[in-house]
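# Breakdown of the fold
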Amino acid sequence: MLRLDHGRSPEHILVEESLDETETLPGPVLRCRACGSAITSMDQRIAINDRHDHVFFNPHGHVFAIGCFARAPGALPASPPSTEFSWFPGLSWQVAACAACQAHLGWRFQDGRNSGFFGLILDRLIEDG
């Protein structure tokens with residue numbers, strides 16, 4: 001069972017937004033390590049199943065430390081949705097890439113109602129400052 005622990009129901013999380021040039025992200029900004037583009041902010045951190053950070057492995061044995069974020073306007077879905085080997089049962093996932101340089105940053109997880117969150121690979125982000 002998936003539990004979103006950020007005080008908002010999943011229906012209020014909009015993940016189809018893309019970063020507008022005029023948009024400013026509140027709080028310390030997290031940037032793509034590859035190109036420096038703004039991806040999300042620390043204010044977007046959420047807890048899923050009682051944790052913000054998780055460590056998972058994929059079917060190929062690669063280990064990923066991810067953080068969960070309600071919004072990541074600088075990351076865009078870059079693959080069709082899949083439910084195979086989902087780290088969050090009941091949710092589909094899509095590869096999430098940097099909107100600027102297309103570097104793989106993590107995954108977008110969603111339910112059938114298009115509500116969800118981003119699981120971003122923590123060592124592929126850098127914090128401003």
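Throughout this description, residue numbers start from 1 for each chain and increase along the sequence as written. Note on the predicted model: pLDDT of at least 70 is required for a residue's local features to be given, and 80 or more for side-chain atom pairs to be given and counted; whole-chain, interface and lining totals, by contrast, use all residues. To get the side-chain values, all heavy atoms of the structure are used, and hydrogens and water are removed first.

## A look at a nonpolar patch on the surface
Together, Val55, Phe57, Val63 and Phe85 make up a nonpolar patch on the protein surface, roughly 430 Å² of accessible area in all. Tracing the backbone shows Val63 in strand β4 (residues 63-69). Here the term buried applies to any residue with accessible area under 20% of the maximum for its type, exposed to any over 50%, and partly exposed to those in between, with areas from a 1.4 Å probe on protein chains only. Residue classification places Val63 among the exposed positions, given a relative accessible area of 60%. Surface patches are drawn from residues lacking salt bridges whose relative accessible area is over 30%; two like charges belong together within 9 Å, two nonpolar side chains (Val, Leu, Ile, Met, Phe, Trp, Tyr) within 5 Å. We get accessible surface area from the Shrake-Rupley algorithm with a probe of 1.4 Å; when it comes to residues, only the shown protein chains can shield them. Any Lys or Arg side-chain nitrogen located within 4 Å of an Asp or Glu carboxyl oxygen qualifies as a salt bridge. Only DSSP runs of H or I reaching four residues or more are called helices, and only runs of E reaching two or more are called strands; each is numbered from the N terminus.

## Side note on unusual backbone geometry
Among all residues except glycine, the phi angle is most often negative; among peptide bonds, the trans geometry is most common. Located in the positive-phi region is Asp50, a residue other than glycine, with phi close to 75 degrees. For Asp50, the position within the fold is in the loop between β2 (38-41) and β3 (53-57). The exposure class of Asp50 is exposed, given its relative accessible area of 53%.

## Some thoughts on the confidence of the model for the protein
Interpretation of the predicted coordinates at a detailed level should be avoided for regions scoring low in pLDDT. Averaged over the protein, the pLDDT score is 85; the fraction of residues at 70 or greater is 80%. Note on residues 1-22: pLDDT under 50 across the span, and 48 contacts to partners over four residues away in sequence or across chains. Per residue, pLDDT captures the predictor's confidence, and it can take any value from 0 to 100. The contact rule is simple, with two residues in contact once any of their heavy atoms fall within 4.5 Å.

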